[in-house]
Amino acid sequence: MPQTITKGYKALVAEAESRIETLSIEQAQALHGSDDVVFVDLRDPRELEREGRMPGAFHCPRGMLEFWIDPESPYAKPVFQQDKRFVFFCGGGWRSALAAQAAQEMGLKPVAHVAGGFSAWKKAGAPVDMTASDKKG
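About the cut-offs
Residues numbered from 1 in each chain as written. Predicted model: local features only at pLDDT ≥ 70, side-chain atom pairs only at ≥ 80, totals over all residues. Heavy atoms only, no water. Helix = DSSP H or I, 4+ residues; strand = E, 2+ residues; numbered from the N terminus. Rg over C-alpha atoms; globule rule 2.2 N^0.38 Å. Buried < 20%, exposed > 50% of the residue type's maximum accessible area, 1.4 Å probe, protein only. Contact = heavy atoms within 4.5 Å. Areas by Shrake-Rupley, 256 points an atom, 1.4 Å probe, with all protein chains shown as cover.

Draft legend 1. Spatial organisation of the overall build of the protein chain. Along the backbone of the protein chain there are six helices and five strands. The order of α-helices and β-strands along the protein chain, N terminus first, is α-β-α-β-α-β-α-β-α-β-α. Taken against the 2.2 N^0.38 rule, which gives 14 Å for 137 residues, the C-alpha radius of gyration of the protein chain at 15 Å falls within 12% of a compact globule. Based on the C-alpha atoms only, the size of the protein chain along its principal axes is roughly 45 × 35 × 25 Å. The buried share among the 137 residues of the protein chain stands at 39%. Partitioning the contacts of the protein chain with sequence separation of at least 6, the portion at a separation of at least 24 is 65%. Carbon and sulfur atoms provide 53% of the accessible area of the protein chain, an area that totals close to 7,800 Å².

Draft legend 2. Quick look at the environment of Leu 12. Positionally, Leu 12 belongs in helix α1 (residues 9–19). Each C-alpha atom of the pair Leu 12 and Val 37 lies 26 Å from the other, and the pair is 25 residues apart in sequence. If sequence neighbours within four positions are ignored, Leu 12 has contacts with Lys 7 and Leu 98.

Structure below.
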């Protein structure tokens, strides 16, 4: 029996974007490098290797986000316990919208996501690091 999807990804992303702050590339670039902002790269490790990284961004695979945010989790990462602003991004802005909403619902604040994601970041000529090192939290 085929599945009937009652709420597709477009509706989920639109719902998330109605509840969170969305930053333009220009706004994200203005925040980049600020001591009180953590950019969180949600992309798969293969995407980072292929496309490069935002300098200084913390890498958190999307599937681990909730576990890394929760201080009660055995997987909790100290980076998410800081009193900072968290700006999420992915390849195109869909995963980051859903992630920012989940983080906000968990109580992490303030949070935002970058419209267009890393693709828009690169297209705008923003800095990209092509080294393979990973930034740990």
